[in-house]
Amino acid sequence: MATIEKTTNKAGETVYKVTVSNGRGRRVKRSWRPEPGWSARTTQRELQKFAAELENSLSSGELLTKQERDAEKKAAALEAAKMKTLAQYVSWVYMPTKELSFSENSRTNYWQFLNTHILPALGEYRIADITPAMIQKFLVSFQRKGYAVATCVKCYGILCGIFQMAFLDDTISINPMLKVSRPKPTSADKVAAANQQQAYTVEELRYIFQCLEQESLKWRCYIHLLADTGLRKGEACALRWADVDLSAGMITVKGNLQYTAAKGVYLTAPKNGKVRCVDIGPDVIGLLKELKREQSHACMSEFVFTQDGSPLPMNPQSPTHYFKTFGKRYNIPDFHPHKMRHTAASVAITNGADIASVSARLGHSDVSTTLRLYTHANEESIRRAGQVARDAIKEAK
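Residues numbered from 1 in each chain as written. Predicted model: local features only at pLDDT ≥ 70, side-chain atom pairs only at ≥ 80, totals over all residues. Heavy atoms only, no water.

Caption draft 1: Structural context of the pairing of strand E2 (residues 14-21). Here E2 lies mainly inside the structure; 6 of its 8 residues are buried. Relative to E2, strand E1 (residues 2-8) is paired through 7 bridges, and the arrangement is antiparallel. By the bridge assignment for E2, Ile 4 is matched with Val 18. If you look at the hairpin formed by E1 and E2, you'll find 5 residues sitting between the two strands, and Gly 12 has a positive phi there, around 85 degrees. Relative to strand E3 (residues 27-32), E2 is paired through 6 bridges, and the arrangement is antiparallel. Each bridged residue has a counterpart across the sheet, and for Lys 17 the counterpart in E3 is Ser 31. (Buried < 20%, exposed > 50% of the residue type's maximum accessible area, 1.4 Å probe, protein only. Helix = DSSP H or I, 4+ residues; strand = E, 2+ residues; numbered from the N terminus. Pairing = 2+ DSSP bridges.)

As structure tokens, this is what we get:
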């Protein structure tokens, strides 16, 4: 149904206002001008033709009302604002949420995995279109490139976290990771694991101590401390003299010094967030006393381990570099700070220390972590317990 109103514009020209409606509240209005020189009859014919075409366009849906055009623009804007790709979801939702509880080191580590491995392969795909097969193909391809199974499992774990969050917040309706297999060790991984020694034996540790006699006092003290207490390298770097009670033979672990390229050196709480006290042996006490005297003659600092000629704490990256050089110099394979932590725990467990005490000494959040990491040591303790029982039976005969 069309209504026509004849008007005159500012220039004195005749203009017709044509309004059409389909009877269901949908209405549009258009202006129409006759061509100069048209007769009244031609004008009426063309005007009616225009009105009919306008009405047909409205009925067919080709012509939208103002409200419909506004709604369409709004819908298009909302669609454009939606997070469509995996990269968008990671940047806008996943990482901002995770970073609320992440340490700086964890945040850096996650972004490195995402930017180096995951997003280059899957980031540009719509998150809702990523299938289990696509993820499985990525993980298999990643593992075939020669990456260690632990690195592949890390990627798998990050992807699990991303898609689980997206599923819970209704970004996706199905979590594809439920149908993706966790990466398993390849034959090469198994061979490497079999050849890799998790901890040094007591005899190997004695050789390391012999080699240390040729090194500076700072590094002798640092390595003996790690071997005696099982401290993490960052915890040792963060140690202050105020936290060392030489008369009682006790240190208090209050901090963990870390480094990232973005933030530099910074201090955090210990890994599980808890302060703990750890006893130290006479040899370590003697070395610490000697180090304190040496430091007082040079550049006294609140920190036990400092940069050479400076009161600033030792960079937590320095031990890794030093251990590598030390290992090459004295032919000690795979020598790194964390292996001294493994050694301290393994030697204690295999020589009769109970798991709960070792766990508390290492600062693990719970005993299950210690059991998982030092199963090999615990198995040795069990075998020794069996032998003790057999020896006792033989003596009783």
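Caption draft 2: Expanded view of the packing of aromatic side chains. All told, the structure shown has 16 aromatic pairs when counted by the stated rule. When the centroid spacing of 6.4 Å and the interplanar angle of 80 degrees are considered together, the rings of Tyr 222 and Phe 323 count as edge-to-face. In this pair, Tyr 222 sits in helix H9 (residues 217-229) while Phe 323 sits in helix H12 (residues 318-329), placing the two residues 101 residues apart along the sequence. Phe 323 matches Tyr 222 in its accessibility class, with the two residues each being buried. Site record: aromatic cluster; members linked through ring pairs are Tyr 200, Trp 219, Tyr 222, Phe 305, Tyr 322, Phe 323, Phe 326, Tyr 330 and Phe 335. We note Lys 263 situated over the ring of Tyr 266; from NZ or CZ to the ring centre the distance is 4.7 Å. Here the basic side chain of Lys 339 rests over the ring of Tyr 200, its NZ or CZ set 4.4 Å away from the ring centre. (Phe/Tyr/Trp six-rings, centres within 6.5 Å; stacked < 30°, edge-to-face > 60°. Lys NZ or Arg CZ within 6 Å of the ring centre and 35° of its normal.)

Caption draft 3: Spotlight on unusual backbone geometry. A positive phi is found at Asp 170, a non-glycine position, where the angle reads about 70 degrees. Relative to the elements of secondary structure, Asp 170 occurs in the loop between helix H6 (149-168) and helix H7 (187-195). At Asp 334, a residue that is not glycine, the phi angle is positive and equals roughly 55 degrees. Looking at where Asp 334 falls in the secondary structure, it is placed in the loop between H12 and helix H13 (337-350).

Caption draft 4: The arrangement of the environment of Glu 35 in detail. Tracing the chain through its elements places Glu 35 in the loop between E3 and helix H1 (40-60). Separated by 11 residues in the primary sequence, Glu 35 and Glu 46 have C-alpha atoms spaced 9.9 Å apart.

Caption draft 5: Highlighting the sheet that holds strand E8 (residues 276-279). One open sheet holds the 3 strands; their spatial order is E4-E5-E8, and the pairing between them is antiparallel. Every interior strand has two partners, whereas the edge strands, strand E4 (244-245) and E8, have only one.

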